[in-house]
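Commentary on secondary and tertiary structure
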Amino acid sequence: MKDEKTQTEDHILNSAEKVFQRKGMDGARMQEIANEAGINKAMLHYYYRSKRFLFEAVFAKAFSLIAPEIDRVLSDDNTDLFQKIKNFTNSYISFIQKHPYLPNFIIQELNRDADFIKVLQAKKGFPDFSKFEAQVEKEVQEGKIRPIKAEQLFVHLLSLNIFPFLAAPLFKGFLKIDDKAYKDLMEERKEEISNLLINYIKIKE
């Protein structure tokens, strides 16, 4: 059971998260976060002495939700590459459907402060690319897939999964569909993305 201090910290982080989602790091104000949390500014500074410290805590919490999921799929030693592509796409889209703000929030703030990725890389659970890279290289050497760099395949995989969520308002406008229809479209993309990438790298017999 969480103690009162931990509960207060969690409440502040949840409140700050809402403000940072709306305003970003630069646009958010400590007073606005205090108002969102229903506390005074002095108490906010007691728990988090600066906006930077508070933002880093919020960002690390957001990233910690998605990073272990990516790492779990990429590092699975018992799954072949084609199934791993399917698992990644299914897990990622299902996860982001529940946390739709995350990709935009993370990409926006990493673009604003590219060096912050170094802080994240030092944290436990940061995705390990090495096993995926070794698996791709091995399957290329064995003639199971066409020659392709693991980095290129991973960029394809991540981009095809991320972009529809980053550009959701644009796509909804172009396609003239509502939130429910777009959510259904994203569900369909689990299979579309997997098939696209697998057919792209698979050597035809």
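Here is what the cut-offs are and how they apply
- Residues numbered from 1 in each chain as written.
- Predicted model: local features only at pLDDT ≥ 70, side-chain atom pairs only at ≥ 80, totals over all residues.
- Heavy atoms only, no water.
- Helix = DSSP H or I, 4+ residues; strand = E, 2+ residues; numbered from the N terminus.
- Buried < 20%, exposed > 50% of the residue type's maximum accessible area, 1.4 Å probe, protein only.
- Contact = heavy atoms within 4.5 Å.
- Areas by Shrake-Rupley, 256 points an atom, 1.4 Å probe, with all protein chains shown as cover.
- Lys, Arg positive; Asp, Glu negative; His and termini not counted.
- Charge placed at Lys NZ, Arg CZ, Asp CG, Glu CD.
- Salt bridge = Lys/Arg side-chain N within 4 Å of Asp/Glu carboxyl O.
- Domains from an automatic or database assignment.
- Buried area = accessible area lost by both parts, 1.4 Å probe.
- Polar contact = N/O pair within 3.5 Å; in protein donor to acceptor, adjacent residues only side chain to side chain.
- Nonpolar A, V, L, I, M, F, W, Y, C, P; charged D, E, K, R; others polar.
- UniProt positions renumbered as here; feature names shortened; annotations may be inferred.
- Phe/Tyr/Trp six-rings, centres within 6.5 Å; stacked < 30°, edge-to-face > 60°.
- Lys NZ or Arg CZ within 6 Å of the ring centre and 35° of its normal.

Looking at the overall build of the chain
In terms of regular secondary structure, the chain is built from 11 helices and zero strands. From first element to last, N terminus to C terminus, the chain shows the α and β order α-α-α-α-α-α-α-α-α-α-α. Dimensions of the chain along its principal axes, counting C-alpha atoms only, are 70 × 40 × 35 Å. Going through the 205 residues of the chain one by one, you find that 39% of them count as buried. Considering only contacts in the chain between residues 6 or more positions apart, those separated by 24 or more positions represent 66%. Working note: accessible area of the chain is about 12000 Å², and carbon and sulfur atoms make up 53% of it. Looking at charge distribution, the chain has the averaged site of its 32 positive side-chain charges lying 3 Å from that of its 31 negative ones.

A look at the pattern of salt bridges
Using the criterion set out here, one finds 13 salt bridges in the structure. The residue Lys131 makes a salt bridge to Asp77 at a minimum N-O spacing of 3.3 Å. Taken together, the residues span a long stretch of sequence, with Lys131 in helix α8 (residues 130-141) and Asp77 in the loop between α4 (51-74) and α5 (81-98) at a distance of 54 residues. By relative accessible area, which is 38% here, Lys131 ends up partly exposed. Its relative accessible area of 58% is what places Asp77 among the exposed residues. Ionic pairing is found between Glu142 and Lys138, a salt bridge with its closest N-O pair at 2.7 Å. You can call Glu142 partly exposed: its relative accessible area is 41%. Classification of Lys138 as partly exposed rests on a relative accessible area of 47%.

Let's talk about the domain arrangement of the chain
Segmentation of the chain into domains returns domain 1 (1-49) and domain 2 (58-201). Tallying the contact residues gives nine residues for domain 1 and seven residues for domain 2. Approximately 760 Å² of surface area, both sides summed, lies buried where domain 1 meets domain 2, with 60% of it carried by carbon and sulfur atoms. When the buried area of domain 1 at its contact with domain 2 is split by residue, Leu13, Glu17 and Gln21 rank highest and sum to 53% of it. Counting across the domain 1 and domain 2 interface gives zero salt bridges. For the pair domain 1 and domain 2, the number of links is zero residue pairs in polar contact (both at pLDDT 80 or more). Of the residues belonging to the side of domain 1 that touches domain 2, the class tally is four nonpolar, three polar and two charged.

Structural notes on the UniProt feature "transmembrane region" (unreviewed entry) in the chain
Per the UniProt entry, the sites bearing "transmembrane region" (unreviewed entry) are residues 153-175 in this numbering. Helix and strand shares over residues 153-175 are 96% and 0% respectively, and the end C-alpha atoms of the span are 28 Å apart.

What about the packing of aromatic side chains?
Scanning all chains against the criterion turns up eight aromatic pairs. Judged by centre distance (5.1 Å) and plane angle (90 degrees), the rings of Tyr46 and Tyr47 are edge-to-face. Between Phe163 and Phe171 the ring centres are 5.8 Å apart and the planes differ by 85 degrees, which places this aromatic pair in the edge-to-face class. Among the aromatic residues, those joined into a ring-pair cluster are Phe88, Tyr92, Phe129, Phe132 and Phe154. The ring centre of Tyr200 lies 4.1 Å from the NZ or CZ of Arg146, which sits over that ring.

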